[in-house]
There are 2 protein chains.
Amino acid sequence: MNPFATHFESLEEFADRVSELLQCPITIEDANHRLIAYSGHEHYTDPARTATIIHRRVPERVINSLWREGVIPKLLQGEEPVRVAEISEVGLGNRIAISIWKNKEVLGFIWAIEMNKPWTEQQFHLLKQAAKAAKNLLLQLQIRKHKKEERIQEFFWKLLTGHVSSPHDIVEQCHQLNVHVYPFFSVGIFQFQQQIQTQVERQIDYLLKTTQQLAIPLYTIDHQRLIVLVAPSSNVYGESHIERFFRSFMTQMKERFRVDIMMGAFGNVYECYTKIAKSYEEAQTVLKMKRAFPHQLANIQSYQHLGMYQFFDLLFEQKRHGDFHNVALEKLKQYDAQHHTNLVETIETYLDCDSNVNETAKTLNIHPNTLAYRLKRISEIGNIDLSNMSEKVKLYIDMKLDKYRTT
Amino acid sequence: MNPFATHFESLEEFADRVSELLQCPITIEDANHRLIAYSGHEHYTDPARTATIIHRRVPERVINSLWREGVIPKLLQGEEPVRVAEISEVGLGNRIAISIWKNKEVLGFIWAIEMNKPWTEQQFHLLKQAAKAAKNLLLQLQIRKHKKEERIQEFFWKLLTGHVSSPHDIVEQCHQLNVHVYPFFSVGIFQFQQQIQTQVERQIDYLLKTTQQLAIPLYTIDHQRLIVLVAPSSNVYGESHIERFFRSFMTQMKERFRVDIMMGAFGNVYECYTKIAKSYEEAQTVLKMKRAFPHQLANIQSYQHLGMYQFFDLLFEQKRHGDFHNVALEKLKQYDAQHHTNLVETIETYLDCDSNVNETAKTLNIHPNTLAYRLKRISEIGNIDLSNMSEKVKLYIDMKLDKYRTT
DNA sequence: CAAGCTTTTGTGGATTTCCACAAAAGCTAT
DNA sequence: ATAGCTTTTGTGGAAATCCACAAAAGCTTG
């Protein structure tokens, strides 16, 4: 006989019922570790559960340690209950957890705290029945969610493409769609190796929903790209927070799901939501430049740190009109061609290395004095003053623009 | 009785007549020291005269030494003959010279070589009569010239403003107007302190016609500006030749005529005459930037050496659209305002000094360690990697663009 | 192949930069 | 005024840079 074969008014009622039967506190989460319901009976509760209930989601450090311990992977693999030994660093007591399935998809989890004595077979059996029963209750939630999701997606694309009216209207619509408005935001893009499949979509959703490093009020997926609206909590360190989140997102996608992300990029942090399109464009520029200069920009993610490459599209356009041709560079190229030398490569590396002699010499595998000699020749042949910042800048940009052309 | 009161078929005939009467070689030049006529009698001739006749103009070094010796100023001051002692460095023997006047204007000069014995009063008197007689002969030459000049001026303005057809047509017209076509050229501009008066125009004409450092096939005057088409003899060192010419032109205007030229600038060296308009624009850009950055560009004359400032008009235009706003710079400015520090000035000077610690510290009158400390703070506050060329470039350009805005 | 050029590498010493540490001076807020 | 912060200046030693000079190696050309 199934003790859950009745109708439940709410998930809370269901949680209470499970708690009653198992004689322990019960927490029900969705697939992204957001709190859905919890039992209210007076039992002992560990700090992790308290925090989960207060913030309506499982703290990220708890999730992380559950991944590290292999608990979540096990839950995602099968329908069997998993016993979790105490993890005192994150305030987690002894637990029993089980995943809630619909077909091949995990809808959520039920967590029980293992009180004083070990569970009996009977209790495990009850928990499995509870997980089956929870399925239908969760499904109803999901359907409601999906409809809203679609409208939100459409709204996000409007923002990204600049099809928006006034700031006031944006805020209005956010409220209608129940999207929280944050004071600062930036648009980020993750470029994946391949088209993003449904399976990966779910994993992305999981990571974005569980992260607590910053808020992600909106996101969407487009072919090989994941586009996110990120909202750092502070303006001053906003950028470094986003930076950190991007790195951790990419490593987690790799470590947890074996999904490689080629690169991530994000635009400037703005306040007014009408600037979303701009931030999005900036993020796209970063991706474009990273493709053109993979080596130099390997560690760059933000438009802010794109440095002079911010100008490149503009300058390149002008250069195509035949402007800015650099006599010095042409002379060096000609000399290289005629004498089988490497003056252009030398000066480019030298500037890449921020005019650091030792570093440059090492990179080029030459003696520092050889470098000094070459630099002397370069300034002679190209008629360049290498201790003049403005001339160096011109030369550097022109060389990089040359490379940009060939990509 | 006036021995020159007859009709002369040509200036050569006149020169021969003078030579006969004075018993010495005679050379007649226009106001710009171009050879107009010379006597053909067999007399001793000094090397300076030989060179003058062969090249159809007085060699520049001879002109320069005549200025240095004060001969030419004296000739320009009055109508009296001037005795010139031998200047052996330039191959000039003992000479007598006199200027040819029309109203207050010098039309040219008559040069006589003083043979073995000193001249008699009688000879000086004859020379003065000859100078008077030469006036009418020279005037006829001038009228013919002026008409041609006007058509050339119009042609030059067409070239400068890009109202030209094909390269072939240009060459065609040059031939018609008797303007020599050179393989390389650049357009230069001199910016004068005031509107250029007729008096100064004549002095400009004088210097341009007498220089032999490079060819000046065309020039024109426009309010406070003198615009020249300069043709260096070589492509490789063309630029430095133009540079040298510009400097000497400016010092000579000042030293010889007390005329101050604010600055000079010239565009790139091109081969095809259709690029005249472009070179002209480049020269204008140099002037514009020199006005905006008088300190940094004090010694810059060529578009080539304008370095990164070449980009500024373009970048500035984009910046006005609100692009490229530099968070790092804004943070530094804010910090400066709040804490009464000089971080922005410090980093700007540091970059001006090509990241040279000692030089920067001296310029700012601070201890090198103070500079090091400030740089550390700058990289912290602005979140800038000061050993990354690209970031430095971005910051530098943004700071200079800021300054550009305020001019 | 020999002469004359450019290029690379080496040596040594003066100068500059970098870094860590510390004292002193200046500013701000309680 | 005092405590706590930032900023400036000082000291000294390790490391890097700069410079002059020279030997050796590599190319080009007659």
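Quantities reported herein were computed from a predicted structural model and do not represent experimental measurements.

(A) Looking closely at the overall build of chain A. In terms of helices and strands, chain A carries 15 helices and nine strands. Over its C-alpha trace chain A gives a radius of gyration of 28 Å, far above what one expects of a compact globule, namely 22 Å for 407 residues. Expressed along its principal axes, the backbone C-alpha trace of chain A runs to roughly 95 × 50 × 35 Å. Sequence-distant contacts in chain A: of pairs separated by 6 or more residues, those separated by 24 or more amount to 62%.

(B) Focus on the protein's contact with DNA strand C. Looking at DNA strand C, there are 13 residues lining it, with Tyr-335, His-367, Arg-374 and Arg-377 of chain A together with Asn-358 of chain B nearest. Counting only atoms of DNA strand C within 4 Å of the protein, the fraction found in sugar and phosphate groups is 65%. Side-chain polar atom of Arg-377 of chain A to a phosphate oxygen of DNA strand C: 2.7 Å apart, as the coordinates give it. Take Asn-358 of chain B: an N or O atom from its side chain is 2.7 Å from a phosphate oxygen of DNA strand C. Looking at the surface near DNA strand C, the elements that each hand over two or more residues are α14 (368–381) of chain A together with α13 (357–364) of chain B. Among the elements that line the surface near DNA strand C, the one with the most residues is α14 of chain A, at five residues.

(C) Expanded view of the UniProt feature "domain: PucR C-terminal helix-turn-helix" (unreviewed entry) in chain A. Here the UniProt feature "domain: PucR C-terminal helix-turn-helix" (unreviewed entry) sits at residues 343–400 of chain A. Taken end to end, residues 343–400 of chain A is 76% helix and 0% strand, and its two terminal C-alpha atoms sit 15 Å from one another.

(D) Main features of the interface of chain B and chain A. Chain B puts 40 residues into the contact, and the matching count from chain A is 40 residues. Interface of chain B and chain A: buried area, both sides summed, is about 3500 Å²; carbon and sulfur atoms make up 60% of it. There are four salt bridges connecting chain B and chain A. The interface formed by chain B and chain A holds 12 residue pairs in polar contact (both at pLDDT 80 or more) in total. At the level of secondary structure, the elements contributing two or more residues to the side of chain B that touches chain A comprise α10 (312–320), α11 (327–339) and α15 (389–405) of chain B. For the side of chain B that touches chain A, the leading source of residues is α15 of chain B, giving nine residues.

(E) Quick peek at the relation of the copies chain B and chain A. For the match of chain B to chain A, the screw axis carries a shift of 0.0 Å, the RMSD comes to 0.1 Å, and the turn is 180°. On the angle and the small slide along the axis, the relation comes out as a two-fold axis. For chain B, the residue whose C-alpha comes nearest the rotation axis is Val-393 of chain B, separated from it by 3.3 Å. Here 100% of the interface residues in chain B have copies in chain A that are interface residues too; the copies meet face to matching face.

(F) Geometry of the protein's contact with DNA strand D. Neighbouring DNA strand D are 13 residues, the closest being Tyr-335, His-367, Asn-369, Arg-374 and Arg-377 of chain B. Restricting attention to atoms of DNA strand D within 4 Å of the protein, one finds that 64% of them are sugar or phosphate atoms. A distance of 2.8 Å separates a base oxygen of DNA strand D from a polar side-chain atom of Asn-369 of chain B. Between DNA strand D and Thr-370 of chain B, the relevant distance is 2.8 Å, taken from a phosphate oxygen to a side-chain nitrogen or oxygen of the residue. Listing elements by their share of the surface near DNA strand D, those giving two or more residues are α13 (357–364) of chain A together with α14 (368–381) of chain B. A per-element tally of the surface near DNA strand D places α14 of chain B first, with five residues. In terms of residue class, the surface near DNA strand D is made up of four nonpolar, seven polar and two charged.

(G) Summary view of helix α2 (residues 47–55) of chain B. Residue and element names in this part refer to chain B. Within α2, burial applies to Ala-48, Arg-49, Thr-52 and Ile-53. With its buried residues spanning 130° around the axis, α2 presents them on a single face. Of the residues in α2, the exposed ones pointing more than 90 degrees away from the buried face are Pro-47, Ile-54 and His-55. On the buried face of α2, the contacting elements are β1 (26–30), β2 (35–38), α3 (60–68), β4 (95–102) and β5 (105–113). Remark: Arg-56 follows α2 within two positions and exhibits a positive phi of approximately 60°.

(H) Spatial organisation of the pattern of salt bridges. Residue and element names in this part refer to chain A. Using the criterion set out here, one finds 40 salt bridges over all chains in the structure. The residue Lys-254 makes a salt bridge to Asp-260 at a minimum N-O spacing of 2.8 Å. You can call Lys-254 partly exposed: its relative accessible area is 45%. We classify Asp-260 as partly exposed; its relative accessible area is 35%. What you see here is one network of salt bridges that share partners, running through Glu-348, Asp-352, Lys-400 and Lys-403.

(I) Structural detail: the pairing of strand β9 (residues 261–266) of chain A. Residues and elements named next belong to chain A. β9 sits mainly inside the fold: five of its six residues count as buried. Note that strand β6 (residues 186–192) and β9 share five bridges and pair antiparallel. Counterpart to Phe-192 in the pairing with β9 is Ile-261.

(J) Expanded view of the packing of helix α11 (residues 327–339) of chain A against helix α12 (residues 343–352) of chain A. Residue and element names in this part refer to chain A. α12 packs onto α11 with a crossing angle of 130° between their chain directions and a minimal axis gap of 8 Å. Classified by the angle their axes make, α11 and α12 are oblique. Facing α11, whose interface residues are Leu-329, Leu-332, Lys-333, Tyr-335 and Asp-336, α12 presents Leu-343, Val-344 and Ile-347. Among the residues making up the contact of α11 with α12, the classes are represented as six nonpolar, no polar and two charged.

(K) Structural context of helix α9 (residues 276–292) of chain B. Residue and element names in this part refer to chain B. If you check α9, its first and last C-alpha atoms are 24 Å apart, about what 17 residues at 1.5 Å a residue would give, namely 24 Å. In terms of residue burial, α9 counts as a mostly covered element, since 12 of its 17 residues are buried. All buried positions along α9 are accounted for by Ile-276, Ala-277, Ser-279, Tyr-280, Glu-282, Ala-283, Thr-285, Val-286, Leu-287, Met-289, Lys-290 and Ala-292. Next to the buried residues of α9 lie α5 (121–160), β6 (186–192), β8 (225–231), β9 (261–266), α10 and α15.

Reading guide: rules and limits
- Residues numbered from 1 in each chain as written.
- Chains lettered and ligands numbered in written order.
- Predicted model: local features only at pLDDT ≥ 70, side-chain atom pairs only at ≥ 80, totals over all residues.
- Heavy atoms only, no water.
- Helix = DSSP H or I, 4+ residues; strand = E, 2+ residues; numbered from the N terminus.
- Rg over C-alpha atoms; globule rule 2.2 N^0.38 Å.
- Contact = heavy atoms within 4.5 Å.
- Near = heavy atom within 4 Å.
- Polar contact = N/O pair within 3.5 Å; in protein donor to acceptor, adjacent residues only side chain to side chain.
- UniProt positions renumbered as here; feature names shortened; annotations may be inferred.
- Buried area = accessible area lost by both parts, 1.4 Å probe.
- Salt bridge = Lys/Arg side-chain N within 4 Å of Asp/Glu carboxyl O.
- Least-squares fit on C-alpha atoms with pLDDT ≥ 70 in both.
- Nonpolar A, V, L, I, M, F, W, Y, C, P; charged D, E, K, R; others polar.
- Buried < 20%, exposed > 50% of the residue type's maximum accessible area, 1.4 Å probe, protein only.
- Arc of directions from axis to C-beta.
- Pairing = 2+ DSSP bridges.
- Axes fitted to C-alpha atoms, helices over the stretch in contact; angles between N-to-C directions.
- Parallel < 35°, antiparallel > 145°, perpendicular 65-115°, else oblique.
- Expected span 1.5 Å × (residues − 1).

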